[in-house]
Amino acid sequence: TVVSDDALGNLTQFEFLALNSSLNLADGHARQDLTLGQSRVVEDLPQLWAQAVKQPVDEIEREAIGTYFELLGQHSYPAAEGRVLSCYSSSVAMEIFARSLATVADRIALVHPTFDNIPDILRGVGLELVAVEEEQLHGGDLDAALLDSVGCLFVTTPNNPTGKVVSRERLARLAEQCARHDVVLTLDTSFRGFDPAAHYDHYEVLRDSGCRWVVIEDTGKLWPTLELKVGWLVSSEHNGLPLGKVYSDILLGVSPLVLLMIKRLAEDAADGGLADLHRFIATNRAIVRDGLAGVPEVTFPDPLSRASVERVHLGSRSGLAVWQELRQHNLFALPCGPFHWARPEEGGNCLRIALSRSPEAVEAATRLLRSVLVAS
Ligand SMILES: N=C(N)NC[C@@H](O)CC(=O)C(=O)O
């Protein structure tokens, strides 16, 4: 069922409502026009199909993984058999991780706030959640008693919706603490492509720490590929989790055509496309911030964020009330309450605006949002 006005749904239910709107700035999926380089990949799909029929799938998979991970600075990713599992999406990868973890643990520490399908998936397999505030996570060492009480520490970096990135030093320290307390360290890096601060070699840091770790990578937010994407479930050796077994319960493998498309898009990104995308998102972010400048009580809580979403703090205004007012004009943003999965009221005065949209859509949405806010 899709969320009704009064019933509070999860974020994805709010995103369902926006799917057929002309001004859908709700989900973090890429919906802007293809660039010239990307449209060449689309034009080549018939040839990619012929290649996918002929070339061995493990070869295609290795090449797609290599091109994508190298593009984003992840040179030390584990290339050995079974260490990178290709899934239909990062949420499928997360479900496989959650089911695997639940066989050996009953509690997990999870960053707060973050996108609510993460706590929902983790609760769905029966795990008890312990919130770790983002400030706490970035502040310093985590409490030893906390780490002794959980089987895993789950961190979204860059975080959603804040864009906050775990630095190399911070990751090394968290991994060291997880190694000492024998806690699995799991990262959801879905937004990594947008922020060069997230392009240091995470796998080198994780490998050198000696901790057990899992990383969920997502190609789905980077390029406008009509939901054609892969989520990669990456893990350390001897991590004690039945990832391969649970993976085999869920799927045999992903489409080699999608893998070839991702490889070509990653090559285009390496050839200047990623830098162009960063400029594109920065331009859209400036449209939102400039377009709302001077509106009473409105502020931007994440000045350093490079993610393809922007949080707008509405002062004393209710994010849900503004969301409902915008919906009357067929404009959809995302109310931030559900990101605060342990205490939704903390996100009650924020909206999240998607930036992977055409500048014209971002411009029109910002103008409409401004008119609603100045009238409220
Ligand atoms: N499996 C789910 N719920 N997918 C929605 C998710 O991709 C949207 C998202 O992450 C964002 O809008 O930031």
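Now for a quick tour of the structure. For every chain, the first residue of its written sequence is number 1, and the numbers climb from 1 along that sequence. With pLDDT at 70 or above as the cut-off, local features in this predicted model cover only qualifying residues; side-chain atom pairs require 80 or more to be listed or tallied, and sums for whole chains, interfaces and linings still use all residues. Values shown for side chains rest on all heavy atoms present in the structure; no hydrogens or waters enter the calculation.

Brief notes about the sheet that holds strand β4 (residues 128–133)
Following DSSP output, two strands are said to pair if at least two bridges run between them. A helix here means a DSSP run of H or I that spans at least four residues, while a strand means a run of E at least two residues long, and both kinds are numbered starting from the N terminus. Taken in spatial order, the seven strands line up as β2-β8-β7-β6-β5-β3-β4 in an open sheet, and their pairing is mixed. For this open sheet the edge positions go to β2 (84–87) and β4, each flanked by a neighbour on one side alone. Looking at each pair of strands side by side, their axes are set apart by 20° on average, direction ignored. The pairing of strand β6 (residues 184–188) with strand β7 (residues 213–218) spans four bridges and is parallel. The convention used is that axes are lines fitted to C-alpha atoms, helices contributing only their stretch in contact, and that angles between N-to-C directions extend from 0 to 180 degrees.

Overview of the site of the ligand
Residue proximity to a molecule or strand is established when one non-hydrogen atom of the residue lies within 4 Å of it. Neighbouring residues of the ligand: Thr12, Glu15, Asp27, Gly28, His29, Ser91, Phe115, Asn117, Asn160, Lys221 and Arg352. Glycine 28 is positioned with one of its backbone polar atoms (N or O) 2.8 Å from an oxygen atom of the ligand. Residues adjacent in sequence count toward polar contacts only when both atoms are side-chain atoms; beyond that, a polar contact is any pair of N or O atoms within 3.5 Å, and within protein one must be able to donate a hydrogen and the other to accept it.

Details of the pairing of β2
Every second residue of β2 is oriented toward a common face, with Val84 and Ser86 on one face and Leu85 and Cys87 on the other, all of them buried. In this sheet, strand β8 (residues 231–235) lies alongside β2 in antiparallel orientation, the contact comprising four bridges. Of the residues in β8, the one forming a bridge with serine 86 is tryptophan 232. Exposed residues in this analysis have more than 50% of their type's maximum accessible area, buried residues have under 20%, and partly exposed residues fall in between, with area computed by a 1.4 Å probe over protein chains only.

Side note on the packing of helix α3 (residues 45–54) against helix α12 (residues 256–291)
Direction vectors running N to C along α3 and α12 enclose 125°, while the axes themselves pass 9 Å from each other. What the angle tells us is that α3 and α12 run oblique. Once α3 is placed against α12, the crossing between them reads as right-handed. Facing α3, whose interface residues are Leu45, Leu48, Trp49, Gln51 and Ala52, α12 presents Pro256, Leu257, Leu260, Met261 and Arg264. Following the grouping adopted for this structure description, the nonpolar residues are Ala, Val, Leu, Ile, Met, Phe, Trp, Tyr, Cys and Pro, the charged ones are Asp, Glu, Lys and Arg, and the polar ones are all others, Gly among them. Here the contact of α3 with α12 is built from residues that sort into eight nonpolar, one polar and one charged. Under this scheme an angle from 65 to 115 degrees is roughly perpendicular, one under 35 degrees roughly parallel, and one over 145 degrees roughly antiparallel; angles in between are oblique. Left-handed is the label given to a crossing in which the near helix is rotated counterclockwise from the far helix by less than a right angle, and right-handed is the label when the rotation is clockwise. By definition, residues are in contact when any of their heavy atoms lie within 4.5 Å.

Comments concerning the side chain of threonine 157
Within the element layout of this structure, threonine 157 appears in the loop between β5 (152–156) and α9 (168–181). Not counting the four nearest positions on each side in its chain, threonine 157 is found in contact with Lys164, Val165, Val166, Leu187, Asp188 and Thr189.

Remarks on the pairing of β6
Each regular strand shows side chains that alternate between the opposite faces of the sheet. With five of five residues buried, β6 lies mostly within the body of the structure. Side-chain alternation along β6 places Val184, Thr186 and Asp188 on one buried face and Leu185 and Leu187 on a second face that is also buried. As paired strands, β5 and β6 are joined by five bridges and run parallel to one another. Bridge pairing in β6 places phenylalanine 154 opposite threonine 186. Note on handedness: a crossover is taken as right-handed if, strands pointing away from the viewer, the path from the first strand over the helix to the second is clockwise. Since β5 and β6 lie parallel, the crossover through α9 that links them has a hand, and here it is right-handed. A crossover links β6 with its parallel partner β7, the connecting element being helix α10 (residues 202–209), and its sense is right-handed.

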